[in-house]
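Close look at the chain arrangement
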Amino acid sequence: MRNAQRWLAHIRDLSALVVFFLAGWWLRLYWGLSSDPYFLHFLITIPWALTLICWVLTGFGHWPRRSPDPLPDAGAEVNIFPWLIPWGLFIWWTFISGWWAAFPNPAWDAASQAVAVGLFAVVMATAAPPRAWIIGTLGMGAVLQAVIATLQTSLQNPVGLVILGEFEIRPDRSGLSVLKVNGQNWLRPYGLTAHPNILGGFLAAAALGLFAAFVVKGLSRRKILLIGIGFGITLWGLFLTFSRAAWGGVVVGGLIFVGLCAWRARDRIDWRRFRLALVGGVALTLIFVVTHQDLVFARAGLGDETGELRSVSDRALFTEYALRMIHDHPLFGLGAGMNAWAAAQMIVSDTRKIDMQAQPVHNLILLFWSETGLIGLVFWLASMIGAAWVVTRRRRDPLTYGLAAIGLALAAVGMLDYYMWNLFPPALLWCGIMGAAVCVREAPYIQNKIDGQ
């Protein structure tokens, strides 16, 4: 029985790592009935389900009353419940909000996905793989995506990976994300995702994780070299996405990571290597700006502004619609998944005769408020505050702070986009990383490396 439990724990950890690796993929499989929830048809659903099954079979992870590593000056018990309780209430409230939704079927899809994502976060909070393995897996997935993205931008065509879910993209196809430069369309890379912004969010998460791993003390030269190369490739791929939200998320996450380490883990950071990574990142940024000057100006609105003005106006319109929804249903909201459906009704009745396809509002706060009301929004904000409290009271581990920085960076991205919650693979990445950051189980392998043992 003990051997079986050990093997199930290994399978659980491996499946969770596969989830993080596939978080940047859009590959869908078509099985079962067409009435199945939309999220069940992603490839990532297989390792997600296996992770949950093994978690149940291994006793639902670790639930100590006291954190195994409270800070000496903590003076109180440290556990995950300040995060877990409001998080559970948020997921529960999101699920039951489907009861009063105007469109039951899409509400059921959204509510089911919220439960699936919420459960994965709890699994990671109680039985996450070692933090170094999570970051390493993100790094491997990001390098693959960045290489594909670089090839796509060089060819301005797909690279022939349709079997892996690559879109049949061309710069002259309508509806694709392109930059207009000198009267021509320049295709933004999709990688193996459904949009360059989604690719940017995944690469931003991996870049922050690799940066955190690179500056930790106690690494061998071989690991320093591999992590440094991976960080450079990932950062270059992130630049090529031209995702302004992802760029801003990296800056926010980087500042949070540096602040946490300077406050709680100064003695565990190799500051010489930190300066090296910072100088290398700045140099790579300057090289990118020089070699892609026209494209950078276009994305900044200094070139052909047609596409950029349309993007801004679309987001402003959906923000206007979301505020109207909140005004009409402030406390309970419209129900899970209803923001885009309500926006579609507003487009039809809008006297301005707007010609566009409805989307969710590009702001998570407005999205949660409009769908789950003020009650749901308060639960979510309380879970974020609880997670921050747990992380700052845990062992002074730079990798833990790296995961926390990733979670907050993706939350910052969510202030300008919606895919971190509405789309299953990015939602698993975001919520799984947050769960792993507050995980009650320390990874001895990582801590021994940090301590030089």
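Above: the structure in question.
Residues numbered from 1 in each chain as written. Predicted model: local features only at pLDDT ≥ 70, side-chain atom pairs only at ≥ 80, totals over all residues. Heavy atoms only, no water.

**As for the side chain of Arg273**
One can find Arg273 in helix H9 (residues 271–291). Separated by 2.9 Å, the side chain of Arg273 and the backbone oxygen of Phe214 make a polar contact. A distance of 2.7 Å separates the side chain of Arg273 from the backbone oxygen of Val216, its partner in a polar contact. Setting aside anything within four residues of it in sequence, one finds Arg273 in contact with Phe214, Val215, Val216, Leu219 and Ile224. (Helix = DSSP H or I, 4+ residues; strand = E, 2+ residues; numbered from the N terminus. Polar contact = N/O pair within 3.5 Å; in protein donor to acceptor, adjacent residues only side chain to side chain. Contact = heavy atoms within 4.5 Å.)

**Focus: the pattern of salt bridges**
Counted according to the given criterion, the structure contains four salt bridges. For the salt bridge of Arg273 with Asp270, the shortest nitrogen-to-oxygen distance reads 3.0 Å. As far as the burial class goes, Arg273 and Asp270 line up, both buried. Where Arg352 meets Asp350, a salt bridge forms, and the shortest distance between an N and an O atom there is 2.8 Å. Classification of Arg352 as partly exposed rests on a relative accessible area of 47%. What emerges from the salt-bridge pattern is a single network uniting Glu320, Asp350 and Arg352. (Salt bridge = Lys/Arg side-chain N within 4 Å of Asp/Glu carboxyl O. Buried < 20%, exposed > 50% of the residue type's maximum accessible area, 1.4 Å probe, protein only.)

**Side note on the side chain of Thr94**
Assignment of secondary structure puts Thr94 in helix H3 (residues 81–96). With a relative accessible area of 4%, Thr94 lands in the buried category. Among the polar contacts listed, one links the side chain of Thr94 to the backbone oxygen of Phe90, at a separation of 2.8 Å. Sequence-distant contacts of Thr94, that is, excluding residues within four places in its chain, are made with Ala111, Ala114, Ala336 and Thr372.

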